[in-house]
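An overview of the molecular structure
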Amino acid sequence: MARSTEPAGTEPRGRGGGAVPFGLVDVAGPSMVPTLREGDQLLVRYGAPIRPGAVVLFRHPFQQDLLVVKRAAERRPRGWWLLSDNRPVDSDSRSYGPVPDELVLGRVLLRLRPRPAWLAPGRRLERLLLSTRLARVPGLARRLGVWAEQL
């Protein structure tokens with residue numbers, strides 16, 4: 001879960017909707033541990049392109065006033081399959097199915113507090129970090145925001 005720290009009345013619009021391109025949210029709950037923890041503050045880019053492995057902000061499909069942060073696992077015909085990093089917590093696409101594109105608001109770029117951490121590397125850096133030589137450095141890819149199931 002996430003709580004917006006934007007001023008009241010500021011409404012993120014998502015893809016192509018204009019409004020505010022960046023926003024702040026606070027993490028609530030344990031579903032993204034170890035990547036994110038309760039109280040972490042995140043910078044979100046609304047309307048940013050999503051790709052598998054990205055941490056995203058979206059509206060819950062059954063309770064659209066609730067903002068949620070999850071990992072985009074894969075693109076499916078009816079939307080994005082979004083999963084918790086903390087696998088025992090199953091309040092994700094395993095319980096509510098694919099999340100339609102119009103509910104995916106944006107991509108989490110970085111954690112601002114308590115320790116800044118980049119969560120959205122570019123494709124070139126991602127490929128480099130997953131190359132055979134750098135992939136052998138334990139935890140390097142994850143520390144720089146690259147997610148792969150096998151890491």
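See the structure shown above.
The structure displayed is predicted, hence computed values, not measured ones.

What to know about the environment of Gln64
- Mapped onto the elements of the fold, Gln64 is located in the loop between strand 4 (55–59) and strand 5 (67–76).
- Along the chain, Gln64 and Leu103 lie 39 residues apart, while their C-alpha atoms are 8.1 Å from each other.
- Among all residues touching Gln64, those that are not within four sequence positions of it are Arg59 and Leu103.

Some details on the nonpolar core
- Of all hydrophobic cores here, the largest spans 14 residues; its most connected members are Leu36, Leu42, Val44, Val55, Leu57, Val69 and Val108.
- Taken together, the elements giving at least two residues each to this core come down to strand 2 (22–27), strand 3 (41–46), strand 4, strand 5 and strand 7 (104–113).
- In terms of residue count, the dominant contributor to this core is strand 3 (3 residues).
- Once residues within four sequence positions are removed from consideration, Leu42 is found in contact with Gly23, Leu24, Val25, Val27, Leu36, Val69, Val108, Leu110, Arg111 and Leu119.
- In terms of nonpolar packing, the next biggest core, distinct from the first, is built from 13 residues, Ile50, Val68, Ala72 and Trp80 among them.

Examining unusual backbone geometry
- Looking along the chain, the bond that leaves Val33 and enters Pro34 is cis, with omega of 15°.
- Omega for the bond connecting Arg113 with Pro114 falls within 30 degrees of zero, at 10°, which places this linkage in the cis form.

Things to note about the pairing of strand 6 (residues 79–83)
- Burial within strand 6 is extensive, with 5 of its 5 residues counted as buried.
- Sheet topology note: the strand 5/strand 6 ladder contains 5 bridges and is antiparallel. Pairing of Glu74 across the sheet is with Trp81, part of strand 6.
- Joining the antiparallel neighbours strand 5 and strand 6 is a turn of 2 residues.

Quick word on the side chain of Ser84
- With respect to the helices and strands, Ser84 occurs in the loop between strand 6 and helix 1 (93–96).
- In terms of polar contacts, Ser84 uses its side chain to reach the side chain of Lys70, at 3.0 Å.
- Separated by 3.4 Å, the side chain of Ser84 and the backbone oxygen of Val89 make a polar contact.
- Ignoring sequence-local partners within four residues, the contact set of Ser84 consists of Ser31, Met32, Lys70, Val89, Ser91 and Asp92.

A word on the pattern of salt bridges
- All told, the structure shown has 6 salt bridges when counted by the stated rule.
- A salt bridge links Asp40 to Arg111, with the shortest nitrogen-to-oxygen separation between them at 3.9 Å. Taken together, the positions of Asp40 in the loop between strand 2 and strand 3 and Arg111 in strand 7 put the pair 71 residues apart, joining distant regions of the chain. There is no split in this pair, since Asp40 and Arg111 are both buried.

Points about the packing of aromatic side chains
- Overall, the coordinates contain 2 aromatic pairs when judged by the stated rule.
- On the numbers, 6.4 Å between centres and 55° between planes, the contact of Phe58 with Tyr96 is tilted. Of the two residues, Phe58 sits in strand 4 while Tyr96 sits in helix 1, which places them 38 residues apart along the sequence. Here Phe58 matches Tyr96 in class, with each residue buried.
- A ring pair is formed by Phe62 and Tyr96, whose centres lie 6.5 Å apart and whose planes are at 90°; its orientation type is edge-to-face. One end of the pair, Phe62, is in the loop between strand 4 and strand 5; the other, Tyr96, is in helix 1, and 34 residues separate them in sequence.
- A residue is classified by how much of its surface remains accessible, and Phe62, at 65% relative accessible area, is exposed.
- Under the relative-accessibility criterion, Tyr96 is labelled buried at 10%.
- Among the aromatic residues, those joined into a ring-pair cluster are Phe58, Phe62 and Tyr96.
- Over the aromatic face of Trp81 sits the side chain of Arg76, whose NZ or CZ is 3.8 Å from the ring centroid.

Cut-offs and rules
Residues numbered from 1 in each chain as written. Predicted model: local features only at pLDDT ≥ 70, side-chain atom pairs only at ≥ 80, totals over all residues. Heavy atoms only, no water. Helix = DSSP H or I, 4+ residues; strand = E, 2+ residues; numbered from the N terminus. Contact = heavy atoms within 4.5 Å. Core = buried A, V, L, I, M, F, W, Y, C linked by side-chain atoms within 4.5 Å. Buried < 20%, exposed > 50% of the residue type's maximum accessible area, 1.4 Å probe, protein only. Pairing = 2+ DSSP bridges. Polar contact = N/O pair within 3.5 Å; in protein donor to acceptor, adjacent residues only side chain to side chain. Salt bridge = Lys/Arg side-chain N within 4 Å of Asp/Glu carboxyl O. Phe/Tyr/Trp six-rings, centres within 6.5 Å; stacked < 30°, edge-to-face > 60°. Lys NZ or Arg CZ within 6 Å of the ring centre and 35° of its normal.

By themselves these figures say nothing about function.
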